[in-house]
Amino acid sequence: MKSCVSTAMSVAVLAAGLTFSSPSHATVFAAWQVAGVPFGDTLNARKYPSNASQKQAAYPNGTVLQMTGRCTGGVNLLDIAWQPQWKQRQAIRYRWCEVWHDPAQNGHFVTGWVYGKYIAPY
């Protein structure tokens, strides 16, 4: 009986330790790709959701981006992921969406914003 109680206590302590040691929320990214940019041009990732904002990086068609899911106007890419691709694109066509990227390619990832008209679900 003592060993059962001891085992049960050990399992409870281990489970509590795992619960409190894990992050409070998981980060999930949505994969979208650059699409529809005119020939010879690139999609600019900007510091803030504005054409006048500082340019962080530029990506050609076909580049896969890690999206945080957040877009202006309260649209969340993760919430619309079940919809057909054309509907997803329509939902963000005139919105800015947040991207998680490494503009300097040095391992320091930051958030930036891309215009929804030029991205599509991957």
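Heads up: the structure comes first, above all this text.
Described below are features of the structure shown in this document. (Residues numbered from 1 in each chain as written. Predicted model: local features only at pLDDT ≥ 70, side-chain atom pairs only at ≥ 80, totals over all residues. Heavy atoms only, no water.)

## Focus on the overall build of the protein
The test is simple: A run of H or I in DSSP counts as a helix once it spans at least four residues, and a run of E counts as a strand once it spans at least two, with each numbered from the N terminus. When checking whether two residues touch, look at their non-hydrogen atoms; a contact exists if any pair is within 4.5 Å. Calculation of accessible area relied on Shrake-Rupley with a 1.4 Å probe; when residues are assessed, cover is drawn exclusively from the protein chains displayed.
Each helix and strand in the protein was counted, giving 2 helices and 7 strands. Start at the N end of the protein and walk to the C end: the helices and strands fall as α-β-β-β-β-α-β-β-β. Pairs at least 24 apart in sequence give 61% of the contacts found in the protein among residues at least 6 apart. On the protein, roughly 8,100 Å² of surface is accessible, and the fraction owed to carbon and sulfur atoms is 59%.

## So, the pattern of salt bridges
How we decide: Salt bridges, as used here, are contacts in which a Lys or Arg side-chain nitrogen is within 4 Å of a carboxyl oxygen on Asp or Glu.
Applying the stated rule across the entire model yields 1 salt bridge. Among the ionic pairs, R70 bridges to E98, the shortest N-O distance being 3.2 Å. With R70 in strand β4 (residues 64-71) and E98 in strand β5 (residues 96-101), this pair connects stretches of sequence that are 28 residues apart.

## Let's talk about the side chain of Q88
Here Q88 shows up in helix α2 (residues 85-92). Q88 has contacts with W32, I80, A81, Q83 and P121, leaving out every residue within four places of it along the chain.

## Regarding the packing of aromatic side chains
Any pair of aromatic rings gets described here by the distance separating the centres and the angle formed by the planes. What counts is decided by this rule: Aromatic contacts are taken between Phe, Tyr and Trp rings whose centres are within 6.5 Å, Trp giving its six-membered ring; a plane angle under 30 degrees counts as stacked, one over 60 as edge-to-face, and the others as tilted. Only protein chains enter the calculation, and the probe is 1.4 Å; a residue is then buried if its accessible area is under 20% of its type maximum, exposed if over 50%, and partly exposed in between.
Using the criterion set out here, one finds 3 aromatic pairs in the structure. Centroid distance W100 to F109: 6.0 Å. Interplanar angle 20 degrees. Geometry classified as stacked. On the basis of relative accessibility, which here comes to 38%, the residue F109 falls in the partly exposed class. Here the aromatic residues F29, W100 and F109 are joined through ring pairs into a cluster of three or more.

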